[in-house]
Amino acid sequence: MACMAVRAQKANVLKSPDGTIAVSVTTGKNISYSVSADGNTILDDCVLGMTVDGKNLGPNAKLKGVKRSSINETLHPEVPLKMSSVQNRCNTMTMSFAGDFAVEFRAFDNGVAYRFVTRKKGRVNVDNETFTINFPADYTADVSHVNNFKTSCETTYNHISTKSFKPSDDMTYLPILIRTDKKYRILISETDLKDYPGMFLKGTGNNGMSALFPPCPLEFGPDGDRSVKFTKTASYIANTTGTRSFPWRYFMIAKNDKDILLNQLTYQLSSPCEIKDPSWIKPGQVSWDWWNHKMIWNVDFKSGINNDTYKYYIDFASKYGIPYIILDEGWAKSTTDPYNTIKDIDLPELIRYGKSKNVGLILWLPWLTVENHLSDIFAKYEQWGVPGVKIDFMDRQDQWMVNYYERVVKEAAKHHILVDFHGAYKPSGLERRYPNLLSYEGVRGLENNEWVTPENSIYLPFMRNAVGAMDFTPGAMSSAQQQYVRSTDPTPMVGGTRSYHMALYVVFESGIQMLCDSPTRYYAEPECTEFIASVPVTWDETRVIDAKVGEYVVVAKRKGNKWFVGAITGSKPQKLTLPMSFLPAGKHHITYFQDGPNSYRQGLEYRKHSADVDNTQTYTLELAPNGGWCASID
């Protein structure tokens, strides 16, 4: 009976300022949306919704009104990992519904985003959130599989068919990258995450993905000296204020692989900086002790966790203009005591000595220790003259832990303390609100030794680093082709050529960038060390010269009048072209490092060259397997 059919709802369409990206939203049985690029549907009949206090927001929702607007502004990041200015330009559409909620959409020239907004009294329980996306064709998904919500987000990437992603398969954390059957790339992540759990995704079995969220923890029990375990969880995912905006779900859409590396949507969609005067925040490099086992040699003292060793680190950092060193695990008398040191460490003396050399000390702490001393720990560290902390082992992103991150960086900011989170999830906007949060781990970084490979790491600029700062901890001097890597103590090895590991400082982005190897090793390689230590951690301009997902990256970055170039590849050798057209007119001087003719086997081999150059020239880069190329240009 045709007269009984439900009338199709008229779609509300929002287009990007340049008209190439569009999201089409319909209401009825569900609030659903499709996304197109250049008229090609790339996400089809996706469903969004939220269940609050047992009421479903989305199914059969009554649309009350649609409000449209636009945003066109220039933002200036406090910690500019890519650019000193960011153009934030988009069209907006807010759809208000009966039941005191709305869904806000934004369409950018490089993506779309949406979020829920509720206007309910008092506190509410969010029972669940519906995020279901469907693909119109079989795509390739680059994902990180995990089998439970307790994860440090350090698994390797898997590259799967979207049609083959079954509900019984392990879920994935964000971000994920979708490579369509055409030229488009879709980077999926979230931002402005606050008082709410992080999102995971699982396969639907119908060429799609849907969201999962860790439940809200209610009661905790002991689990060693640095963590806790749940003894009771709620049936809901969040208990929160009823009048609020929820996290943005965004789809960065790239029409070529190069554009992914310039993604700024995590920052653009986040709430503004809440630190009134952030001028005290000083990003920079740091000499790290843990990876190299505090092992220095050719000295007249026994190396280890003691003042002589750390003064050696300070002297090294001072010589090369590195502003920080880290005292990682072992400096404190107990992992539960953030104030008292072992007998071989005189912290006031190290702080004094560091200040005399313009080097600050960053202290490692387990997250539980920080939580148990949050009322006074940062005030004491400020009084001592400690500029920063590295906090470890959170390994969760439920609502309680998301709120923990915020409580910590907010309290740290009151006392001018920098924060680096390890055992962490991805950047999700907190770093814009509190830019004293300089970096997150949440990556299979160099601490994994032979289990971190250039073949996996070549995806990081397109995924993990594309959503924010990434503490990969580069800098290994003992580099080798992957088949020859052995995890050794006290001289650890990793895969990749020497030029590859030097180029990581230009390619990878972090507000606090580690030098993971021993000062002794760096002293033995002065020309490599001088280059590494000269690379900034913040940039005025980033240009992606060439890039292909899973294969290679070539970037040029500018700080002031100086340019740096970094190129890396995965397991395949590459012959790439580098036009110097990004340089201003006139003569410049280039110093560059490249793989040697035997780097395909001996990863330590490299060649250094210097020459005059201008913007009409082109360089040919020949990268060995797991190789690299890097340059500085004055």
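From a predicted model like this one, the values you see are computed outputs, not experimental measurements.

Thresholds applied
- Residues numbered from 1 in each chain as written.
- Predicted model: local features only at pLDDT ≥ 70, side-chain atom pairs only at ≥ 80, totals over all residues.
- Heavy atoms only, no water.
- Helix = DSSP H or I, 4+ residues; strand = E, 2+ residues; numbered from the N terminus.
- Rg over C-alpha atoms; globule rule 2.2 N^0.38 Å.
- Buried < 20%, exposed > 50% of the residue type's maximum accessible area, 1.4 Å probe, protein only.
- Salt bridge = Lys/Arg side-chain N within 4 Å of Asp/Glu carboxyl O.
- Phe/Tyr/Trp six-rings, centres within 6.5 Å; stacked < 30°, edge-to-face > 60°.
- Pairing = 2+ DSSP bridges.
- Axes fitted to C-alpha atoms, helices over the stretch in contact; angles between N-to-C directions.
- Contact = heavy atoms within 4.5 Å.
- Polar contact = N/O pair within 3.5 Å; in protein donor to acceptor, adjacent residues only side chain to side chain.
- Parallel < 35°, antiparallel > 145°, perpendicular 65-115°, else oblique.
- Left-handed = near helix turned anticlockwise from the far one by under 90°.
- Nonpolar A, V, L, I, M, F, W, Y, C, P; charged D, E, K, R; others polar.
- Expected span 1.5 Å × (residues − 1).

**Details of the overall build of the chain**
Part 1: Helix and strand counts for the chain stand at 12 helices and 40 strands.
Part 2: What you see for the chain is a C-alpha radius of gyration of 25 Å, in line with the 26 Å of a compact globule of 634 residues.
Part 3: By principal-axis analysis of the C-alpha atoms, the chain measures approximately 90 × 60 × 45 Å.
Part 4: Within the chain, the fraction of its 634 residues that count as buried is 60%.

**Quick look at the pattern of salt bridges**
Part 1: Scanning the model with the defined rule gives 39 salt bridges in all.
Part 2: Between K380 and D376 there is a salt bridge, with its nearest N and O atoms 4.0 Å apart.
Part 3: Using a relative accessible area of 25% as the deciding quantity, one classes D376 as partly exposed.
Part 4: Notably, a salt bridge pairs D614 with K587, separated by 3.6 Å at the nearest N-O pair. Of this pair, D614 sits in the loop between β38 (606-613) and β39 (618-623) while K587 sits in the loop between β36 (574-579) and β37 (588-595), and the two are 27 residues apart along the sequence.
Part 5: We classify D614 as buried; its relative accessible area is 17%.
Part 6: Residue classification places K587 among the exposed positions, given a relative accessible area of 65%.

**Thoughts on unusual backbone geometry**
Part 1: Cis geometry marks the peptide bond from L174 to P175; its omega dihedral reads 0 degrees.
Part 2: Structurally, P175 is set in the loop between β13 (171-173) and β14 (176-179).
Part 3: A positive phi is found at D395, a non-glycine position, where the angle reads about 55 degrees.
Part 4: By secondary structure assignment, the location of D395 is in the loop between β27 (388-392) and α7 (399-414).

**Overview of the packing of aromatic side chains**
Two descriptors summarise a pair of aromatic rings, namely the distance from one centre to the other and the angle between the planes of the rings.
Part 1: Here the structure, examined in full by the defined rule, presents 40 aromatic pairs.
Part 2: For the ring pair Y196 and F213, a centre distance of 6.0 Å and an interplane angle of 70 degrees mean the geometry is edge-to-face. Here the residue Y196 occupies a position in the loop between β15 (185-191) and β16 (200-203), and F213 occupies one in the loop between β17 (208-212) and β18 (217-222), the gap between them amounting to 17 residues.
Part 3: When its relative accessible area of 7% is taken as the criterion, F213 is described as buried.
Part 4: Their ring planes at 35 degrees and their centres at 5.3 Å tell us that Y381 and W384 sit as a pair that is tilted.

**A short note on the sheet that holds β27**
Part 1: Taken together, 7 strands build an open sheet; the order of strands is β29-β28-β27-β26-β23-β22-β32 and the sheet is parallel. Each end of this open sheet is capped by a strand with a single partner; those strands are β29 (437-440) and β32 (512-515). Each adjacent strand pair in this sheet contributes to an overall mean axis angle of 25 degrees, direction not counted.
Part 2: Bridge count for strand β22 (residues 284-287) against strand β23 (residues 324-327) is 2 bridges, and the pairing is parallel. In the strand pairing of β23, V286 is matched with Y324.
Part 3: Packed on one face of the sheet, helix α3 (residues 307-319) meets β22, β23, β26 (360-366) and β32 and runs near 160 degrees to β23.

**Quick word on the side chain of N626**
Part 1: Mapped onto the secondary structure, N626 falls in the loop between β39 and β40 (628-633).
Part 2: A distance of 2.8 Å separates the side chain of N626 from the side chain of Q481, its partner in a polar contact.
Part 3: When neighbours within four sequence positions are excluded, N626 is seen to be in contact with P454, E455, Q481, Q482, G496, T497, Y500, T569, G570 and S571.

**Here's the deal with the packing of α3 against helix α4 (residues 347-356)**
Part 1: The N-to-C vectors of α3 and α4 enclose an angle of 20 degrees; their axes lie 10 Å apart at closest approach. Classed by the angle they form, the pair α3 and α4 counts as roughly parallel. Viewed along their axes, α3 and α4 form a crossing whose handedness is right-handed. Residues N307, Y310, K311, I314 and D315 of α3 pack against E349, L350, Y353 and G354 of α4.
Part 2: In the contact of α3 with α4, the residues fall into 4 nonpolar, 2 polar and 3 charged.

**Section: the environment of I377**
Part 1: Relative to the helices and strands, I377 is located in helix α6 (residues 377-384).
Part 2: Residue classification places I377 among the buried positions, given a relative accessible area of 0%.
Part 3: Distance in space between the C-alpha atoms of I377 and P77 is 28 Å, their sequence separation being 300 residues.
Part 4: Beyond its immediate stretch of four places on either side in the chain, I377 contacts P338, Y339 and L365.

**What about the sheet that holds strand β35 (residues 562-569)?**
Part 1: Pairing within the open sheet is antiparallel, and its 6 strands lie in the order β33-β34-β35-β40-β37-β38. On the outer flanks of this sheet lie β33 (541-548) and β38, each paired with one strand and no other. In this sheet, adjacent strand axes meet at a mean angle of 10 degrees when their direction is disregarded.
Part 2: Both β33 and strand β34 (residues 552-559) contribute to a ladder of 7 bridges, which runs antiparallel. In the sheet register, A547 faces β34, and the bridge partner there is V553.
Part 3: Relative to the sheet, helix α10 (residues 498-507) contacts β34, β35, β37, β38 and β40, its axis offset from that of β35 by approximately 125 degrees.

**Some remarks on α3**
Part 1: Over its 13 residues, α3 runs 18 Å from end to end, which matches the ideal 18 Å to within 8%, given 1.5 Å per residue.
Part 2: Taken residue by residue, α3 has N307, T309, Y310, Y312, Y313, I314, F316 and A317 as its buried positions.
Part 3: Phi turns positive one or two residues past the end of α3, at G321, with a value near 70 degrees.

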